Amino acid sequence: MAVLDVQNLSLSFGEDTLFEGVCFDVKEREKVGLIGCNGAGKTSLFKLITGEYTPDTGSCFIGKGVKLGYMEQHTCSAERTVYEELISVFSDLIAMEQELELLSDRLTNGIGIQSENIERQDLLTEQFHREGGLTYRSMTRSALLGLGFTEEEFAKPTAKLSGGQRSKLILAKLLLSKADFLLLDEPTNHLDIQAVEWLEGFLKDFTGACLIVSHDRYFLDKITGKTVEIENKKCRCYNGNYSVFLQKKAAEQKAIEEKYENDMKEIERIEGIIAQQRQWNREKNIKTAESKEKQIERIKAQLVIPDSKVEKIRFDFTPRMISGEEVLVASDLAKSFSGKPVFRNVGLRIMRGERVFLLGDNGCGKTTLLKILMQDYAADDGYFKFGANVFTGYFDQVQAKLDLNKTALEEIWTSFPFMTETAVRSALAAFLFKGDDVFKLLRDCSGGERARVALLKLMLGKFNFLLLDEPTNHLDAFSREELEKTLLAYSGTMLIVSHDRYFINKLSTRILELTPDGVREYLGSYDAYAEKKAQLESTPEKAAEKAPKKVNEYQRRKEQQSRIRKAKTRLAKCEQEIEEAEQLLAAIDEKMAQSSYEELLTLTAQLEETTQLRDTLYEEWEALSELLAAGEE
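Quick summary incoming for the structure in this document. The numbering scheme is per chain: residues are counted from 1 as the chain's sequence reads. Local features in this predicted model are restricted to residues of pLDDT 70 or higher, and side-chain atom pairs are both shown and tallied only at a pLDDT of 80 or more, whereas totals for entire chains, interfaces and linings draw on every residue. Side-chain measures were taken over the full set of non-hydrogen atoms in the model, leaving aside hydrogen atoms and water.

**Concerning the overall build of the protein**
Spelled out, the test is: Helical segments are the DSSP runs of H or I of at least four residues, strand segments are the runs of E of at least two, and each set is numbered from the N terminus. In this description the radius of gyration comes from C-alpha coordinates, and the expected globular size is given by 2.2 Å times residues to the power 0.38. Here, residues are in contact when the closest pair of their heavy atoms is within 4.5 Å. We get accessible surface area from the Shrake-Rupley algorithm with a probe of 1.4 Å; when it comes to residues, only the shown protein chains can shield them. This count recognises Lys and Arg as positive and Asp and Glu as negative, with His and chain-terminal groups excluded. Taken as the charge location is NZ of Lys, CZ of Arg, CG of Asp or CD of Glu.
If you tally the helices and strands in the protein, you get 20 helices and 18 strands. For a compact globule of 633 residues, the expected C-alpha radius of gyration is about 26 Å, and the protein comes in at 32 Å, more than 25% above that figure. Across the protein, every contact between residues at least 6 apart in sequence was considered, and the portion connecting residues at least 24 apart equals 68%. Within the structure as shown, the protein displays about 33500 Å² of accessible surface, and the carbon and sulfur contribution to it stands at 50%. Counting 86 positive and 104 negative side-chain charges, the protein places the centres of these two groups 7 Å from one another.

What follows is the structure, given as structure tokens:
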């Protein structure tokens, strides 16, 4: 069954046709990626689905009984805290809980007709349990923690949240809204890698359907099993995730182009025969010419013209000279703000030609470290030094160094005054600024347009060491592909901060993870980094094995004997505590069979807490048993 059926959809704004003849469907539990270059009409398509826009032709049908959830439908109340705002999604459960408490009071105090109160309590209790009444508070807490909110921020007024935090909260509201069908428009924006991974886990377990607009190709690969592309005002559907889509589209376009070329050659050959037959001008020749003309008409009727290539940014970062072998050395760098440490003991050694990525949690100081290297900030401690003939270019993710009172043309020309106006306009055209676009004030430009101006300045500088802070932000998937190709061919050196895991996988030769106490080094791609990190986190003793300390053999035996004695004592205690927990669980079960709703809530919480305690004790008992068995060997 389809939760969404889109049929022959067309939309125009004035004389500008956004798309036409769009047809696709989304089935139950299906996760579909919606892709296309910036301005192709993806968000407008969402607004058609929600009914905010009216199509020129065609229709969007939402399945019967399907509850639609769209991020823009959710807002934040400035009067509430973060926790209050998110738990308000469960207002129906909260209302049921309040009514059950009222019914419990009425029964306790003998108010009203008792039989009616009991009947209503039974019905409501069943509904409350069925709809998740016992878990909604834990789900609220889990969602907030998963999206990066700390326990301390639960009580923070929503009015004091940053734009990114507010987006996270709205996303959390959408995810917990009990919708059957989610429309997600760039859901990974403002999320760090850890939060994106939590979102991926949530959506994989989500039993409903999703239609997702995203430029995060790694995210699409993880989540989606079908891809809808809007390009050249048309829509195509492909089974498979983003990477499968790229392969299928490339093969499809190659086949279309080859057939088109063959058909055009055949038309040209037949036209030559027609011209020859008409030149001879006999009755038989004229009939042959007319027959061949019909043959051309048949070929043209089934002729498929290849799509015109989507206009893309043309990058070229060729450096003006080669740097020395050693590009950057840094030692013991440290930085604090208002007495609060950000990082310390940071050491770097980057060699010519390396593509090094700097990763870490939001707020760990990645951008701060780049700004120290660019001397926008001063380090509190340590030093750094660039190598011989190193010319450094910096891409700032917020484009703070652009003069927003200038036009795109003025910004480039001011930075490169030796260029002619024709050369500047040609360079801007390569970055998709055409005609009057070059006279647009930067303050009126979108984030993507400003990013293109900043990237163009970086390209024209011909630097041999690029410091890039989130360079793929604001770029659509196709521009990201072009940037990747260019940087792979770039002969200089790069230090890059990015959350784009697809981008990291394509380019990375080495990954540095920034922590409060320095950097950890990983060789290779993002996937290799994630796998290695997971291994270290799951077996922390392996990390300790990397730097074993020499220990006196006698001392080692003494310590082992002490550990065994303590383990035996704890094992006996564990067995006693497990027996007590089992007895308590049995007692709770008996009480629950004959309890009122109010008592049931308390007993359920006790049951969960005691079960968790018992399971933890069993795990500890098994670990201690294995330790003792190994010690006796």
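**Remarks on the state of the cysteines**
Formally: When the sulfur atoms of two cysteines come within 2.5 Å, that pair is taken as a disulfide. Three exposure classes are used, based on accessible area relative to the maximum for each residue type with a 1.4 Å probe and protein chains only: buried under 20%, partly exposed in between, and exposed over 50%.
Within this structure, the stated rule accounts for zero disulfides. Note on Cys37: no disulfide assigned, nearest cysteine sulfur contributed by Cys235 at a separation of 14 Å. Free of any disulfide, Cys60 has its nearest cysteine sulfur in Cys23, 10 Å distant. You can call Cys60 partly exposed: its relative accessible area is 22%.

**Observations regarding helix H7 (residues 193–205)**
In an α-helix there are 3.6 residues to a turn, and that puts residues three or four apart on one side. Counted only if it meets this: A helix's residues, less one, multiplied by 1.5 Å, set its expected span.
The end-to-end C-alpha distance of H7 is 19 Å, a good match for the 18 Å that 13 residues give at a rise of 1.5 Å each. Listed as buried for H7 are Ile193, Ala195, Val196, Leu199, Glu200, Phe202 and Leu203.

**Considerations on the sheet that holds strand S15 (residues 465–469)**
Basically, it comes down to this: DSSP bridges decide pairing: two strands pair if at least two such bridges lie between them. For helices, the fitted axis covers only the stretch in contact; all axes are lines through C-alpha atoms, and the angles between them, taken along N-to-C directions, range from 0 to 180 degrees.
With mixed pairing, six strands are arranged side by side in an open sheet as S14-S15-S16-S12-S17-S18. If you trace the sheet from one side to the other, it starts and ends with strand S14 (392–395) and strand S18 (518–523), each paired once. In this sheet, adjacent strand axes meet at a mean angle of 20° when their direction is disregarded. As paired elements, strand S12 (residues 355–359) and strand S16 (residues 493–497) share four bridges and run parallel to each other. Bridging from a neighbouring strand, Arg355 pairs with Met494 of S16. Sheet strands in contact with helix H11 (residues 366–373) are S12, S14, S15, S16 and strand S17 (510–515), and its direction is about 150° off that of S15. Across the face of the sheet, helix H17 (residues 526–538) comes into contact with S12, S17 and S18 while running at roughly 115° to S18.

**Things to note about the layout of surface pockets**
We apply this condition: Points on a 1 Å grid over protein atoms alone make up a cavity when a 1.4 Å probe fits among them but cannot get out, and a pocket when they form an open set with protein on both sides within 12 Å along at least five of seven lines; lining residues each have an atom within 4 Å of a point. Grid points are joined across faces, edges and corners, and a volume is the space filled by probe spheres set on the points. Residues are grouped as follows: nonpolar covers Ala, Val, Leu, Ile, Met, Phe, Trp, Tyr, Cys and Pro; charged covers Asp, Glu, Lys and Arg; every other residue, Gly included, is treated as polar.
Estimates place the volume of the second largest pocket at around 720 Å³. Lining of the second largest pocket is provided by 28 residues; of these, Gln194, Gly360, Asp361, Glu513 and Lys533 occupy positions nearest its centre. At the level of secondary structure, the elements contributing two or more residues to the lining of the second largest pocket comprise H7, strand S11 (340–351), S17 and H17. For the lining of the second largest pocket, the element with the highest residue contribution is H17, accounting for six residues. Residue composition of the lining of the second largest pocket, by class: 12 nonpolar, eight polar and eight charged.

**Focus: the packing of helix H9 (residues 242–280) against helix H10 (residues 283–301)**
We count it as follows: Should an angle fall under 35 degrees it is called roughly parallel, over 145 degrees roughly antiparallel, and 65 to 115 degrees roughly perpendicular, with every other angle called oblique. We call a crossing left-handed when the near helix sits turned anticlockwise from the far one by less than a right angle, and right-handed when that turn is clockwise.
Packing of H9 against H10 leaves a shortest axis separation of 8 Å and a crossing angle of 160°. Relative to H10, the element H9 lies roughly antiparallel. The way H9 lies across H10 gives a crossing that is left-handed. The residues of H10 that touch H9, namely those facing Asp263, Glu266, Ile267, Ile270, Glu271, Ile273, Ile274, Gln277, Arg278 and Trp280, are Asn285, Thr288, Ala289, Glu290, Lys292, Glu293, Gln295, Ile296, Ile299 and Lys300.

**Observations concerning the sheet that holds S11**
One open sheet accounts for three strands, arranged S11-S10-S13; its pairing is antiparallel. The sheet terminates laterally at S11 and strand S13 (381–386), the two strands that pair on one side only. Direction aside, neighbouring strands of the sheet carry axes that sit 15° apart on average. Judged from the five bridges that link them, strand S10 (residues 326–337) and S13 form a sheet pairing that is antiparallel. Bridge pairing in S13 places Ala330 opposite Phe384.

**Quick word on the nonpolar core**
Note the cut-off: In this text, buried Ala, Val, Leu, Ile, Met, Phe, Trp, Tyr and Cys residues form a nonpolar core when linked through side-chain atoms within 4.5 Å.
In this structure, Leu182, Leu203, Phe317, Leu428, Phe431 and Leu487 are the most contacted members of the largest nonpolar core, which totals 93 residues. With seven residues, the single largest contributor to this core is helix H14 (residues 447–460). Excluding residues that lie within four positions of it along the chain, Leu203 makes contacts with Lys31, Leu175, Leu182, Leu184, Cys210, Phe219 and Ile223. Of all hydrophobic cores here, the second largest spans 27 residues; its members include Leu34, Phe46, Leu48 and Val228.

**Looking at helix H5 (residues 136–146)**
Cut-off, in case you're wondering: Each direction from the helix axis to a C-beta atom contributes to the arc, which is the arc of those directions.
Listed in full, the buried residues belonging to H5 are Tyr136, Thr140, Ala143, Leu144 and Gly146. With its buried residues spanning 165° around the axis, H5 presents them on a single face. Looking one or two residues beyond H5, the residue adopting positive phi is Gly148, at roughly 100°.

**Re the pattern of salt bridges**
The cut-off we apply is this: Just to be clear on terms, a salt bridge is a Lys or Arg side-chain nitrogen sitting within 4 Å of an Asp or Glu carboxyl oxygen.
For the structure shown, the criterion picks out 38 salt bridges. One salt bridge in this structure joins Asp216 and Arg501, with 3.9 Å as the shortest N-O distance. On the criterion of sequence distance, the pair formed by Asp216 in the loop between strand S7 (209–213) and helix H8 (217–223) and Arg501 in helix H16 (residues 501–507) is long-range, its members being 285 residues apart. Across the pair, exposure class does not vary: Asp216 and Arg501 are buried alike. Close ionic contact of Glu354 with Arg510 constitutes a salt bridge, the shortest N to O distance being 2.8 Å. Of this pair, Glu354 sits in the loop between S11 and S12 while Arg510 sits in strand S17, placing them 156 residues apart in sequence. An identical accessibility class is assigned to Glu354 and Arg510; each is buried. The network of salt bridges with common partners includes Arg217, Arg480, Glu481, Glu484, Asp500 and Lys506.

**Here we look at the pairing of strand S8 (residues 226–231)**
Of all six residues making up S8, six are buried, and the element is well covered by its neighbours. Covered by surrounding structure in S8 are Lys226, Val228 and Ile230 together with Thr227, Glu229 and Glu231, the residues of both alternating faces. Relative to S8, strand S3 (residues 31–35) is paired through four bridges, and the arrangement is parallel. Pairing of Gly33 across the sheet is with Thr227, part of S8. Across six bridges, the pairing between S8 and strand S9 (residues 234–239) is antiparallel. Within the sheet, the bridge partner assigned to Ile230 lies in S9 and is Cys235. Hairpin remark: S8 followed by S9, antiparallel, with two residues in the connecting loop; positive phi at Asn232, about 50°.

**Describing unusual backbone geometry**
Located in the positive-phi region is Ser338, a residue other than glycine, with phi close to 55°. Mapping Ser338 onto the fold places it in the loop between S10 and S11. What makes Ser338 exposed here is its relative accessible area of 84%. Residues other than glycine seldom take positive phi values, yet Asn345 does so here, at roughly 55°. Along the chain, Asn345 turns up in strand S11.

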